[in-house]
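Coordinates in review
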Amino acid sequence: MAGLTGHPVLEIGDKFEELQNNIFNNNKNKEVIDKAGLVVKGEENSNNNNNNQGGERDMAPPTSNSLHRSGSRPQLDLSKAAIQGNSEERDPTILLPNQSDDISHFALDIGGSLIKLVYFSRHEGQSIDDKRKKTVKEISNGSRRSYPILGGRLHFVKFETSKLNECLDFISSKQLHNGRIDSHYWNSEAPNKENAVIKATGGGAYKFADLFKERLGVSIDKEDEMDCLVAGANFLLKAIRHEAFTHMEGHKEFVQIDHNDLFPYLLVNVGSGVSMIKVDGDGKFQRVSGTNVGGGTYWGLGRLLTKCNSFDELLELSQRGDNRTIDMLVGDIYGGMDYSKIGLSASTIASSFGKAISDKKELEDHRPEDISLSLLRMISYNIGQISYLNALRFGLKRIFFGGFFIRGHAYTMDTISFAVHFWSQGQAQAMFLRHEGFLGALGAFMSYEKLGLDDLMVHQLVERFPMGAPYTGGKIHGPPLGNLNEKISWMEKFVLKGTEITAPVPMAPPGTTGLGGFEVPSSKGGTLRSDASALNVGVLHLVPTLEVFPLLANPKMYEPNTIDLSDHCELEYWFTVLSEHLPDLVDKAVASEGGTDDAKRRGDAFARAFSAHLARLMEEPAAYGKLGLANLLELREECLREFQFLDAYRSIKQRENEVSLAVLPDLLMELDRMDEEARLLTLIEGVLAANIFDWGSRACVDLYHKGTIIDIYRMSRNKMQRPWRVDDFDLFRERMLGSEGKKPRPHKRALLFVDNSGADVVLGMLPLARELLRRGTEVVLVANSLPALNDVTAMELPDIVAEAAKHCDILRRAAEAGGLLVDAMTNTLDGSKENCSSVPLMVVENGCGSPCIDLRQVSSELASAAKHADLLAMVKNQRLAEKLIKGEIYDCVCRYEPAS
Ligand SMILES: Nc1ncnc2c1ncn2[C@@H]1O[C@H](COP(=O)(O)OP(=O)(O)OP(=O)(O)O)[C@@H](O)[C@H]1O
Ligand SMILES: CC(C)(CO)[C@@H](O)C(=O)NCCC(=O)O
Ligand SMILES: [Mn+2]
């Protein structure tokens, strides 16, 4: 593709501790982008992540064969099965026959205005039924801790308190209350419908307790509101990446807060009324103040004064308002002049609504827009000011604002931030939370004992943004979508109407609506993202088996996204690339599902949904959190899975593997004829070559058919003239083969991160693995957990290895030793094989289902494997050579960083 560059890279290093974050990743984006990839570099700048968005009810996961498909991260707790080995002992009542999502827990926060509900759904457990079972056992070696919880998903929903019935109906329809609360997972006692207890906080936990008993037959276990707010806030701030952000003058910036530097802070919960809590630690807090002028005041007074029908309507009015027609400004009093001696500009509000007295106007003579804005500013400034005073009282520098009054509304946040900044003269900082209104409900949820949730760490949570309810023109159309069919129907309806879906999920503020400070919001703020169906945060996937890759030199500095899409040019570029590739991807996806009418329909819906995501992100790149290219590529895979395309590249991968395997014997013979040094060099070239010529180009695919794959491969290999762009080969060779006076020092265990199916893995990585095995190094092949583009997955590798092993004794013995050839072993077991001394070849999954790996969240399998490894090699492609290594397309990088 024009303008793109890509580089095959082989990064090898021993003693990973020495590596400075700058290794690995198997990023790529085949076909689309000539598989230009990203490079993982330790950049100052941290993390990625998602933002306010509301895919509400998650899709029921397709019933899949082996791994769960509902997220890029598999939900399967492999570690548990492997370590404890007692999956058979599981109580069969765990599984719900009629439900693919087993909903086990929920908690409520019933406030004066809104009911917040957090519920957890998990997938039924599965045992590892693939051929890697032995590998997993071998690698884990009992070294991993066992987790108190299984993976699942946390969903966030809200209702108006005045419509309590809707909430009760929702609970009934989801069967949330059906006695699972105290059952199996967290307590071993049998489920007991009669005594079902749910955790609830907020005033309504008291007020409506009887009603819950009457309608649902459940008792409410009341949790203290302030306890819950604090527990929820602490959890979010510690466990969710980029939960907190600042919002000043229309500019949103995610802030990563150091766990060790979180306390003390001031928590200001702006609900109907406002509570201010000084938080000193987990469970250590004091409610230091509050104000009765809060969200209820804005909505209540606003409704009376403007006759608005909904909170959002009132908020939207404010965006078109000019408060100067109602507020009395300093300039009104000082004849247009500033009162600079005390720091007040002429445009400062001297008295909110002050003009309403002097003017002889009646209510009808004022624009509702102006009233709404004036009211919003009055209340927001007041809250900001009181918060500042309390922060000052206790010497607190950070103030976190929560509660649904904030409503992700840019102008509200700007106004509060301005007040805090202004009064504290920049000493205190206002910050907001993405899960703003759900603090109490989350806190109540976490109060379930034995849940182990408070131990969850940031790397065990993945937030996703499934299609909640499509909406057009800023308004949600229809109810949240319950299942795939409803989802597809919605998409189709919009096509019929000829309406563009402007975004898949409701929510989030427009980029900027105001200049902040004392100016009026700019009217071009556009429509408020409606959240009429209460969708305003993503679904949180809890994947307790994820771990931080233990060999990351500095996890805090590590940033998997080398391409930051907050840069508009980058975003536009990738947007175009992904959009242009979409039709082709849809074709492949549909074909992978047999090209049936159903597949076509889903393909169509997928295209629509993904385009809508793209459109949404173009409009507001931070809509789902800080956006990097890796996130965008993962979103696409995720979206495919959402529409039940489990492996769009299935047949392509198969074909690539077959043709490559067919020529492997020739290649191995060729290699074996060489002397050691030539062979090592050829192997490295081969790894690079196999990665290059596979760049998904159509020409290559055509050539495969003519059976000339080995020729292309050799040709590419011959082009690899040294010195390469980065060329540490000599160092590597010295370690591997020794030199005068120096003996070769074989590595103990090597992790090879494999990337593409076909030539890349078969002709590139397997021969390298074989060489390492031959030298007595254990090899662990690390591959994706779920399909993504044409990446080879951990599930597919054993078959590929088995096929390759037919032609190679080294591979066969190693694969047997590693338990990859289970069948072969039992068939030919003659006792001597049992104690064969071959070092094992193993396969582990990386915990990821996206083209880009995030080493902050890898499978516990991989984490365990890494602990005993001392060599790591990975092929990857780099995107934008100019940017990253200042090179050109097809430059090769062979980086070897020996332990110092
Ligand atoms: N859809 C909505 N309907 C009503 N109010 C909304 C809505 N969205 C945001 N709000 C604002 O959020 C406020 C309620 O916030 P929140 O849910 O945090 O408080 P609450 O728990 O109901 O109140 P309290 O804690 O004081 O009992 C409302 O007073 C209003 O200002
Ligand atoms: C009464 C609560 C705690 C109920 O959530 C809340 O509405 C509140 O903090 N109101 C403000 C009360 C005060 O003036 O301190
Ligand atoms: Mn509340």
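Residue numbers run consecutively from 1 along every chain, following the written order of its sequence. All chains are assigned letters beginning with A, and all ligands numbers beginning with 1, in the order in which they are written. Totals for whole chains, interfaces and linings use all residues, but because this is a predicted model, local features are given only for residues with pLDDT of at least 70 and pairs of side-chain atoms are given and counted only at 80 or more.

One open sheet holds the seven strands; their spatial order is E9-E8-E16-E15-E10-E11-E12, and the pairing between them is mixed. One side of each edge strand has no neighbouring strand; the edge strands of this open sheet are strand E9 (251-255) and strand E12 (284-291). Averaged over all adjacent pairs, the angle separating strand axes in this sheet is 30°, with direction ignored. A pair of strands counts as paired when DSSP detects no fewer than two bridges linking them. For helices the rule is a DSSP run of H or I covering at least 4 residues; for strands it is a run of E covering at least 2, with both sets numbered from the N terminus onward. Here strand E15 (residues 398-402) pairs with strand E16 (residues 429-433) via four bridges, running parallel. Along E16, the bridge assignment pairs isoleucine 399 with alanine 430. Angles here are taken between N-to-C directions and fall from 0 to 180 degrees, while the axes themselves are lines fitted to C-alpha atoms, restricted in helices to the stretch in contact.

As a further point, take the site of ligand 2. Note on definitions: a residue is near a molecule or strand provided its C-beta atom, placed from the backbone, lies within 6 Å of it. Every residue lining ligand 2 is accounted for by Gly111, Gly112, Gly203, Glu225, Gly271, Ser272, Gly273, Val274, Ser275, Gly290, Thr291 and Asn292. Every element with two or more residues in the shell around ligand 2 is listed here: strand E11 (274-281) and E12. Three classes are used, and their members are as follows: Ala, Val, Leu, Ile, Met, Phe, Trp, Tyr, Cys and Pro are nonpolar, Asp, Glu, Lys and Arg are charged, and the others, Gly among them, are polar. Of the residues contributing to the shell around ligand 2, the split by class is one nonpolar, ten polar and one charged. Mapping the shell around ligand 2 onto the domain boundaries places at least three of its residues in each of domain 2 (77-243 + 439-466 + 538-544) and domain 3 (245-438). For the purposes of this description, domain bounds are those given by an automatic or database domain assignment.

Turning our attention to the confidence of the model for the protein chain. A residue's pLDDT is the predictor's confidence in that residue, given on a scale from 0 to 100. When pLDDT is averaged along the protein chain, the result is 74, and 67% of the positions lie at 70 or above. Note on residues 15-103: pLDDT is under 50 here. Beyond four places in sequence and across chains, it has 307 contacts. Across the whole predicted complex the pTM is 0.74, and at the interface the ipTM reaches 0.99. Throughout, a residue-residue contact means that the two C-beta atoms, derived from backbone geometry, are no farther apart than 7 Å.

So, about the site of ligand 1. Among the 20 residues in the neighbourhood of ligand 1, the closest are listed as Gly111, Gly271, Ser272, Gly295 and Phe404. Tallying contributions element by element places helix H7 (residues 295-306) first for the shell around ligand 1, with four residues. Tallied by class, the residues present in the shell around ligand 1 amount to six nonpolar, twelve polar and two charged. Both domain 2 (77-243 + 439-466 + 538-544) and domain 3 (245-438) contribute no fewer than three residues apiece to the shell around ligand 1.

In this section: helix H17 (residues 629-642). A helix's residues, less one, multiplied by 1.5 Å, set its expected span. For H17, spanning 14 residues, the distance from its first C-alpha to its last is 20 Å, which sits close to the expected 20 Å at 1.5 Å a residue. In terms of residue burial, H17 counts as a mostly covered element, since 14 of its 14 residues are buried. Positive phi shows up at glutamine 644, right after H17, with a value of about 60°. With C-beta atoms placed from the backbone, a residue is labelled by how many other C-beta atoms lie within 10 Å of its own: buried for 20 or more, exposed for 12 or fewer, partly exposed between the two.

Following both chains from N to C, one finds helix H24 (residues 797-805) and helix H25 (residues 809-817) inclined at 140°, their axes separated by 8 Å at the closest point. Here H25 runs oblique to H24, going by the angle between their axes. Seen along the crossing, H24 lies across H25 with a hand that is left-handed. Residues Val801, Ala802, Ala804 and Ala805 of H24 touch H25, and the partners they reach there are Leu811, Arg812 and Ala815. Split into classes, the residues belonging to the contact of H24 with H25 amount to six nonpolar, no polar and one charged. Note that the term roughly parallel is reserved for angles under 35 degrees, roughly antiparallel for angles over 145, roughly perpendicular for angles of 65 to 115, and oblique for everything else. Crossing handedness: left-handed means the near helix sits turned counterclockwise from the far one by under a right angle, and right-handed means the same turn made clockwise.

The next thing to look at is the environment of glutamate 547. Its location among the elements puts glutamate 547 in strand E21 (residues 546-547). With 24 C-beta atoms counted inside 10 Å, the residue glutamate 547 sits in the buried group. A C-alpha to C-alpha distance of 8.8 Å links glutamate 547 and leucine 862, two positions 315 residues apart in sequence. Ignoring anything within four residues of it in the chain, the contact list for glutamate 547 reads His459, Val858, Ser860 and Ala863.

Side-chain direction in a regular strand flips from residue to residue, so the side chains alternate between the two faces of the sheet. Burial runs high along E11: six of the eight residues are buried. Taken together, the six bridges between strand E10 (residues 265-270) and E11 define a ladder with antiparallel strand orientation. Its bridge partner being in E11, valine 270 is matched across the sheet by valine 274. The sheet contact formed by E11 and E12 spans seven bridges and is antiparallel. Bridging across to E12, lysine 278 finds its partner in glutamine 286. Taking the residues that link successive antiparallel strands as the turn, the E11-E12 hairpin has two residues, and the phi of glycine 283 there is positive, at about 70°.

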